[in-house]
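# Summary of the model geometry
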Amino acid sequence: MNPFLELGIRHEVVNAISELGFEKPSPIQEKAIPVLLTGNDDFVGLAQTGTGKTAAFGLPLLEQLDFTQKHPQALILCPTRELCLQIAKDLEKFAKYIDDVHVVAVYGGANISDQLRQIRRGVQIVVATPGRMLDIINRNAIDFSSVKYVVLDEADEMLNMGFQEDINNILSETPDDKKTWLFSATMPKEVRRIAQNYMTNPFELTVGTKNTGNANIEHQYYLIRAKDKYAAFKRIVDFYPDIFGIVFCRTKIETQEIAEALIRDGYNADSLHGDLSQQQRDKVMKRYRERNLQLLIATDVAARGIDVNDVTHVINFSLPDEVENYTHRSGRTARAGKTGISISLINIKEMSKIRHIEKIIGKPFEKKQVPQGTEVCEKQLFSIVDKLHNVEVNEEQITPFLPAINSSLEDLSKEEIIKRFASLEFNRFLDYYKNAPDLNIEARDIRGGERGERGDRRGDRASSNGYTRLFINLGSVDEFNRGEMLGYICNTAKVSGKSIGKIDLKGVFTFFEVQDAEVEKVFEGFKSIDFNGRQVRIEVSGEGRSDRGGRSGGGFRGGDRNGRSRSGSGERRGAGDRGRSNSGGGFRDFSGKRRESKNRY
Ligand code: AMP
């Protein structure tokens, strides 16, 4: 028997979702559907996007509502217009074989009269972004007195976007005895407060560990100098010819600059940020969704709610200011059971941020080497060969030209033709990567570099005698004396006392010198260490004070754009020739890889 039928979903809906390829429930569906079908409980579901949340609440809703009535019975609030449209579309698909189901999507930036007209015609399910919903409520254009269910989807995102007050106002318009179902990827205290204020003894379900990223995502970082960032980024992109990625920047300006630089360099990229009009944003998203764009460069806010499946890579060109945002970013890949890679480009000072993120996602990062020029060339060559193999030939269109082509190539052997054909594309990469430098740095190199740049200034920074000066956020107030600090560092990092130089114990922190060769080991040893419930932080001395970030920004401008030919690059990166190795795969087994737990408040 179909497992969805066993869960209690009616035939009509099961038929519709079978057509969508839903063969068996995802973990969140398996756990949530039986609870939500009873209609008795408030509910909190902690789950990432892409886990099948929409059906987890959508299918039970379809079972509970009375479609012979034409007034609103369910209200779904979500953070973005994108998500709003997606949910409404999904619900309509699930309800394809049920009569008289009316769903309306209510969101800002679109004509309100159309939405009001649809509401007047009669709807049972309203999917809305908070701002527009409140606008409609304030016009007295909707009656929520029969609402039985309110779903708060991506609650953390809604609160991040400042919708707290709107949500309060909207909820106050709905009956007291409605049931509230809340879904969130993370559980900051603001979300928990909603749960406490608006719910009675909710059933809580976690898919994956709390705050944890999707298990199908590989997390990688590349350690590079700030000035090499753009060059390294391009090299990584070139190393993955079939990349279909989202690149995150910290600011609108950075987003715009990176996108412009990439376009100049012949990449198929565009930017998505808050300075664009809704229409411009829609246009960019449409191109991306249709795979006419290979790289979408976005800010955190603009990328919220992007629900494109098949994203192969998320690239953190800059790490987010709030480490919690890393989970949201990386969650844009590996949706619907697929796998994905989340890449971070960092400098040595950001190592501690990586360690912090590791704690949040509960998974280690893998340190990767920026590919050498020759490796990129090899990857590209084989990609060209693959494309040559798989290209679709339009017999009808090409046939008339073949005699002329054949005669002009007749003096060349098959081997020669292959060689020349592949070289057409390949030469560009060879030219570009000829003499390309190694962009990798080890912790030691960058410190050497810094010393070089700054002469042998001593004091706060790395010393010049083979030792590096590190900062640790523990000091005399934590009841350490110098000897105890030495012992603590040696024991925790498993390094010998001989490798530690001067220790400068302060009140709430300490500077200490470590032999260059042992620095990585110290970072490694302190990777996830707590002291009296506080996370211990190690940084290269200099971080966190006045000179922090002084050299950041703008690094990509001086990248290694050393004359790459742009001619023809549009075709090279055009939509038509992209083999999406990661796409089209069926829905993989959701189960097994993630840990699940279930508990009540
Ligand atoms: P969601 O988290 O609701 O955005 O769902 C992510 C993607 O997974 C969407 O493309 C859904 O159509 C798909 N999906 C959800 N549940 C299942 C399932 N049980 N089987 C196959 N695909 C699913």
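Source: prediction; values computed, not measured. (Residues numbered from 1 in each chain as written. Predicted model: local features only at pLDDT ≥ 70, side-chain atom pairs only at ≥ 80, totals over all residues. Heavy atoms only, no water.)

## Topic: the overall build of the protein
When helices and strands are tallied, the protein shows 24 helices and 21 strands. For the protein, the proportion of contacts with a sequence separation of at least 24, taken over those separated by at least 6, is 77%. On the protein, roughly 27200 Å² of surface is accessible, and the fraction owed to carbon and sulfur atoms is 47%. (Helix = DSSP H or I, 4+ residues; strand = E, 2+ residues; numbered from the N terminus. Contact = heavy atoms within 4.5 Å. Areas by Shrake-Rupley, 256 points an atom, 1.4 Å probe, with all protein chains shown as cover.)

## Here's the deal with the sheet that holds strand 10 (residues 269-272)
Strand order in the open sheet formed by seven strands is 10-11-9-12-13-8-14, with parallel pairing between adjacent strands. The open sheet is flanked by strand 10 and strand 14 (366-368), the only strands paired with a single partner. Mean inter-strand twist for the sheet, computed between neighbouring axes without regard to direction, equals 25°. Two elements, strand 9 (residues 245-248) and strand 11 (residues 295-298), share four bridges in a ladder whose sense is parallel. (Pairing = 2+ DSSP bridges. Axes fitted to C-alpha atoms, helices over the stretch in contact; angles between N-to-C directions.)

## Let's talk about the confidence of the model for the protein
The share of residues in the protein with pLDDT of 70 or more is 84%, and the mean pLDDT across the chain is 81. Counting interchain partners and residues more than four positions distant, the pLDDT-below-50 stretch residues 443-464 has 42 contacts. Below pLDDT 50 for its whole length, residues 543-601 participates in 132 contacts with residues either more than four positions away or in separate chains. (pLDDT = per-residue confidence, 0-100.)

## Considerations on the packing of helix 3 (residues 27-38) against helix 4 (residues 53-64)
One way to put it is that helix 3 packs onto helix 4 with a least axis distance of 9 Å and a crossing angle of 25°. Taken together, the axis directions place helix 3 and helix 4 in an arrangement best described as roughly parallel. For the crossing formed where helix 3 meets helix 4, the hand is right-handed. In this structure, helix 3 uses Ile28, Gln29, Ala32, Ile33, Leu36, Leu37 and Thr38 to contact helix 4, whose residues at the interface are Lys53, Ala55, Ala56, Phe57, Leu59, Pro60, Glu63 and Gln64. The class makeup of the residues in the contact of helix 3 with helix 4 is ten nonpolar, three polar and two charged. (Parallel < 35°, antiparallel > 145°, perpendicular 65-115°, else oblique. Left-handed = near helix turned anticlockwise from the far one by under 90°. Nonpolar A, V, L, I, M, F, W, Y, C, P; charged D, E, K, R; others polar.)

## A word on unusual backbone geometry
Note: most residues except glycine have negative phi, and most peptide bonds are trans. Even without glycine at this site, Glu479 takes up a positive phi of about 65°. Its location among the elements puts Glu479 in the loop between strand 15 (467-472) and helix 22 (482-493). Using a relative accessible area of 70% as the deciding quantity, one classes Glu479 as exposed. Of note in the backbone geometry, Asn532 takes a positive phi value of approximately 45° without being a glycine. (Buried < 20%, exposed > 50% of the residue type's maximum accessible area, 1.4 Å probe, protein only.)

## Thoughts on the packing of aromatic side chains
Counted by the stated rule, this structure contains 19 aromatic pairs. For the pair Phe233 and Phe317, a centre-to-centre distance of 5.4 Å together with 85° between the ring planes defines the contact as edge-to-face. Taken together, the residues span a long stretch of sequence, with Phe233 in helix 11 (residues 229-239) and Phe317 in the loop between strand 12 (313-316) and helix 15 (325-330) at a distance of 84 residues. Note on accessibility: Phe233 and Phe317 belong to one class, buried. (Phe/Tyr/Trp six-rings, centres within 6.5 Å; stacked < 30°, edge-to-face > 60°.)

## Here's the deal with the state of the cysteines
Working definition of a disulfide: a covalent bond connecting the sulfur atoms of two cysteines. Taken as a whole and assessed by the stated rule, the structure comprises zero disulfides. No disulfide involves Cys78; its nearest neighbouring cysteine sulfur is the one of Cys84, lying 4.5 Å away. A residue is classified by how much of its surface remains accessible, and Cys78, at 0% relative accessible area, is buried. (Disulfide = S-S within 2.5 Å.)

## Topic: the nonpolar core
Core analysis: the largest hydrophobic core is formed by 45 residues, its most contacted members being Phe43, Phe57, Leu59, Ile76, Ile125, Val127 and Trp181. Setting aside anything within four residues of it in sequence, one finds Phe57 in contact with Leu36, Ile76, Ile87, Val151, Asp153, Trp181 and Phe183. (Core = buried A, V, L, I, M, F, W, Y, C linked by side-chain atoms within 4.5 Å.)

## A few points about the environment of Asp310
Examined against the element boundaries, Asp310 turns out to sit in the loop between helix 14 (300-303) and strand 12. On the accessibility criterion, Asp310 (14% relative accessible area) is buried. A distance of 2.8 Å separates polar atoms of two side chains, one belonging to Asp310 and the other to Arg291. (Polar contact = N/O pair within 3.5 Å; in protein donor to acceptor, adjacent residues only side chain to side chain.)

## As for a nonpolar patch on the surface
A surface patch of nonpolar side chains, amounting to about 640 Å² of accessible area, comprises Val391, Val393, Ile398, Phe401, Leu402, Ile405, Leu409 and Ile417. Relative to the helices and strands, Ile405 resides in helix 19 (residues 402-408). For Ile405, a relative accessible area of 34% corresponds to the partly exposed category. (Patch = residues over 30% accessible without salt bridge, like charges linked within 9 Å, V, L, I, M, F, W, Y side chains within 5 Å. Salt bridge = Lys/Arg side-chain N within 4 Å of Asp/Glu carboxyl O.)

## What about helix 20 (residues 414-433)?
Helix length check: helix 20 (20 residues) gives 28 Å between terminal C-alpha atoms against 28 Å at 1.5 Å per residue, within 8%. For helix 20, the complete set of buried residues consists of Ala422, Phe426, Arg428, Phe429, Tyr432 and Tyr433. A positive backbone phi angle near 60° is found at Asn435, which sits one or two residues after helix 20. (Expected span 1.5 Å × (residues − 1).)

## Overview of helix 17 (residues 373-390)
Over its 18 residues, helix 17 extends 26 Å from the first C-alpha to the last, a length consistent with the 26 Å expected when each residue adds 1.5 Å. Of all the residues in helix 17, the buried ones are Gly373, Val376, Cys377, Gln380, Ser383 and Ile384. An end-on view of helix 17 places all buried positions within 130° of arc, on one side of the element. The outward face of helix 17, more than 90 degrees from its buried face, is lined by the exposed residues Thr374, Phe382, His389 and Asn390. Buried positions along helix 17 lie against helix 11 and helix 20. (Arc of directions from axis to C-beta.)

## Things to note about the pattern of salt bridges
Inspection of the entire model under this criterion finds 30 salt bridges. Of the charged contacts in the structure, one is a salt bridge between Asp321 and Arg250, with a shortest N-O distance of 3.1 Å. Residue Asp321 is found in the loop between strand 12 and helix 15, and its partner Arg250 is found in the loop between strand 9 and helix 12 (252-264); the two are separated by 71 residues along the sequence. Overall, the relative accessible area of 36% leaves Arg250 in the partly exposed class. For Glu416, the salt bridge goes to Arg420, with nearest N and O atoms at 3.0 Å. In this pair, Glu416 and Arg420 are both assigned in helix 20, four residues apart and thus about one turn of the helix distant. Linked through salt bridges whose partners overlap, the residues forming this network are Arg355, Glu358, Glu524 and Lys527.

## Regarding the pairing of strand 1 (residues 43-46)
Of the two faces of strand 1, the one lined by Phe43 and Gly45 and the one lined by Val44 and Leu46 are each fully buried. Relative to strand 7 (residues 203-207), strand 1 runs parallel, the two sharing four bridges. Paired with Val44 across the strands is Glu204, a residue of strand 7. Direction of pairing for strand 1 relative to strand 6 (residues 179-184): parallel, over a ladder of four bridges. The partner of Gly45 across the bridge, within strand 6, is Phe183.

## Some details on the packing of helix 11 against helix 17
Where helix 11 meets helix 17, the axes come as close as 8 Å, and the angle between the chain directions of the two elements is 30°. Comparing their axes, helix 17 and helix 11 come out roughly parallel. Every residue of helix 17 that contacts helix 11 at Arg235, Asp238 and Phe239 is listed here: Gly373, Glu375, Val376, Lys379 and Gln380. Taken together, the residues of the contact of helix 11 with helix 17 break down into two nonpolar, two polar and four charged.

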